[in-house]
Every structure is written in C-alpha cells, then in structure tokens.
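# A structural walkthrough
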Amino acid sequence: MFEELKPHLVELRKRLAISAVCVIVMFFVCFAFWNPILSWMTAPLKALLPEGSNIIFTQVQEPFFTAAKVAFFSGIIVSLPIIFWQFWLFVAPGLYENEKKYVIPFVLAATIMFLCGAIFCYYVVIPLGFSFLINFGGQLFTALPSIGEYVGFFTKILIAFGIAFELPVMTFFFAKIGLIDDNSLKGFFRYAVVIIFIFSALVTPPDVLSQFLMAFPMLGLYGISIYIAKVASAKKSDEDEKTNETSDDD
C-alpha cells in the first residue's frame, strides 16, 4: 500500500515545496514594505480608538516579530495564485482531460473569492466587531491594545474569512469530479448550519455580532454552492455522455 501512495507523497512534497519557496521569497519582498502594510492593517483599529488611547508594545522584541508576522501574512496573500495552482497540479492527474482545462478559472476564482472574503472582513466585520468590543468597556477602562496581539488576531480572522469564501469554488471542484451534488448538499444543510456557527464562534471575536457577520454570509454561500453543484453536476453528466458516445463510435 505504501508503494502505491509513494508517488502521490512525492508529488505532494514537490507541490508543497514550490509553494513554500514562493511564500519565503515573497516574505522577504514584503518585509521591505512591512511599515505601510502594517499601517493599512491597523487603520480600522486606529479609527475606533478613543482619544487618549494608542497602540502599544509591551515586549522589547515585539515590534520586530510583528514586522515578521506582517511580512509572512503578506507573503501568503501574494503567493495565493501559485499555491492554488500547485494544488490544482497535484489533483490534475486524477482528472479527465476535459476537466484539466479548468486550471486557470479555478486559480482565478479561488484567488478572487479569498480576496472577497478578506475585503468583507476588513471593511465590515472588523470595524463593527471592534467597535462593539472597544466601546463596551470604554467608560471604565482605557484601550491600549498590543500591536503584536492585534496583528495576530487580524491575520487569523482575515484568513478565516478568506477560507470561508472559498466554499463555492471548492463546491464546483468537488461537483465536477463527482464527489458531491446538489442533493447531497441539501441533505447536509442542517449539519452545515451547526458547523458554520461553530466555525464562526471559533475564529471571530468573542461577541455575537461578529459571529453572525461570518455565519450569515457563509449560509448564503452555502445556498449559492447548492446551485453551483447542480449546474456543475449537470455539465459533468453531459460531458460523460459525450465521452461515452465518442468511445462507442471508436
């Protein structure tokens, strides 16, 4: 059994290595621009801080490691097209020839949907969620957020929303290879609701508003995914029929 898996493991290691090298290269590139990137990341927080509050650091090494976090996060975002491309190349040997042509649409759609999730998080979720959290104790306490903790939390929630918005893309992919269809997604809906709310509770700030701001878009994306699976499954059936007809003619 190991001998059968060995070629796949070698291929997986190759794709992971290429992705890792790309992220490392982009890390050093982005490290040269960590200051303006950090200013962009902290802009939503600064806009919400009351007068007399500021972003601070509490450990000597915190600014340097924060800059490294910013560069690493930015390197991942910039490397997304390569990462998605490597993922496609890994699974491509198991696809039919007519399915391999979707590589460019898949890479573009996956990258765009990730960015859509990140943008939604940056402009909607973070301002609303942080506004609630900061103002909740504003009358009793002075807000002095740590830059290291903020950047860690910012990157976590932004990546979580980016991954969540990949649902329609992954649905199309799995439907094209016949692993799921619209009926299976409809039957799984009640469990999906529970999973979505648990996922939202784990990755968003500990307030109900932020959880709902993630859960409701994901439920909407799940509904869109059902339609996508229906269309993709229908196209797959048509393509399989054409393939069988061509084989019979030969």
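Residues numbered from 1 in each chain as written. Predicted model: local features only at pLDDT ≥ 70, side-chain atom pairs only at ≥ 80, totals over all residues. Heavy atoms only, no water.

A tally of regular secondary structure across the protein gives eleven helices and zero strands. In the protein, the order of α-helices and β-strands from amino to carboxyl end is α-α-α-α-α-α-α-α-α-α-α. Across the 250 residues of the protein, 39% fall into the buried class. For the protein, restricting intrachain contacts to residue pairs at least 6 apart in sequence, the fraction spanning at least 24 positions comes to 83%. Here the protein displays about 14,700 Å² of accessible surface, and carbon together with sulfur accounts for 70% of that area. (Helix = DSSP H or I, 4+ residues; strand = E, 2+ residues; numbered from the N terminus. Buried < 20%, exposed > 50% of the residue type's maximum accessible area, 1.4 Å probe, protein only. Contact = heavy atoms within 4.5 Å. Areas by Shrake-Rupley, 256 points an atom, 1.4 Å probe, with all protein chains shown as cover.)

Between helix α2 (residues 34-48) and helix α6 (residues 103-136), the least distance of the axes is 9 Å, while the angle of their chain directions is 40 degrees. Comparing the axis directions of α2 and α6 gives the class oblique. Between α2 and α6 lies a crossing of right-handed hand. Judged by residue contacts, W40, A43, P44, L45 and L48 of α2 engage Y122, I126, P127, F130, S131 and I134 from α6. Looking at side-chain class alone, the contact of α2 with α6 contains ten nonpolar, one polar and no charged residues. (Axes fitted to C-alpha atoms, helices over the stretch in contact; angles between N-to-C directions. Parallel < 35°, antiparallel > 145°, perpendicular 65-115°, else oblique. Left-handed = near helix turned anticlockwise from the far one by under 90°. Nonpolar A, V, L, I, M, F, W, Y, C, P; charged D, E, K, R; others polar.)

As a further point, take the packing of aromatic side chains. All told, the structure shown has 26 aromatic pairs when counted by the stated rule. For the ring pair F84 and F106, a centre distance of 6.4 Å and an interplane angle of 85 degrees mean the geometry is edge-to-face. Here F84 is found in helix α4 (residues 80-91), whereas its partner F106 is found in helix α6, with 22 residues between them in sequence. Of the residues examined, F84 reaches a relative accessible area of 13% and is grouped as buried. Since its relative accessible area comes to 7%, F106 is described here as buried. A connected cluster of aromatic rings, assembled from ring pairs, spans W40, F73, Y122, Y123, F130, Y150, F153 and F154. (Phe/Tyr/Trp six-rings, centres within 6.5 Å; stacked < 30°, edge-to-face > 60°.)

On to the confidence of the model for the protein, then. When the pLDDT values of the protein are averaged, the result is 85; 88% of them are 70 or greater. Taken element by element, the predicted model of the protein shows its lowest mean pLDDT in helix α5 (residues 97-100) (72) and its highest in helix α3 (residues 62-78) (94). (pLDDT = per-residue confidence, 0-100.)

Scanning all chains against the criterion turns up two salt bridges. Its salt-bridge partner being R15, residue E11 comes within 2.7 Å of it at the nearest N-O pair. Of this pair, E11 and R15 both sit in helix α1 (residues 2-31), separated by four residues, roughly a single helical turn. Here R15 falls in the buried class, since its relative accessible area comes to 13%. Notably, a salt bridge pairs D182 with K186, separated by 4.0 Å at the nearest N-O pair. Of this pair, D182 and K186 both sit in helix α9 (residues 182-187), four residues apart, which is roughly one turn of that helix. With relative accessibility at 12%, the residue D182 sits in the buried group. (Salt bridge = Lys/Arg side-chain N within 4 Å of Asp/Glu carboxyl O.)

Within the secondary structure, T66 sits in helix α3. In terms of polar contacts, T66 uses its side chain to reach the backbone carbonyl oxygen of E62, at 2.7 Å. If near-sequence neighbours (up to four positions away) are discounted, T66 is found in contact with L38, I147, G148 and V151. (Polar contact = N/O pair within 3.5 Å; in protein donor to acceptor, adjacent residues only side chain to side chain.)

This paragraph deals with a nonpolar patch on the surface. On the surface, L128, F132, L133, F136 and L209 cluster together into a nonpolar patch covering about 490 Å² of accessible area. Inspection of the secondary structure puts L209 in helix α11 (residues 208-249). (Patch = residues over 30% accessible without salt bridge, like charges linked within 9 Å, V, L, I, M, F, W, Y side chains within 5 Å.)

Below, the discussion takes up helix α8 (residues 167-176). Buried within α8 we find P168, V169, T171, F173, A175 and K176. At the exit of α8 stands G178, carrying a positive phi of roughly 85 degrees.

Counting 50 residues, the largest nonpolar core has F154 and L158 as the members making the most contacts within it. One finds L185, A192, Y222 and A229 within the second-largest nonpolar core, a separate group that totals seven residues. (Core = buried A, V, L, I, M, F, W, Y, C linked by side-chain atoms within 4.5 Å.)

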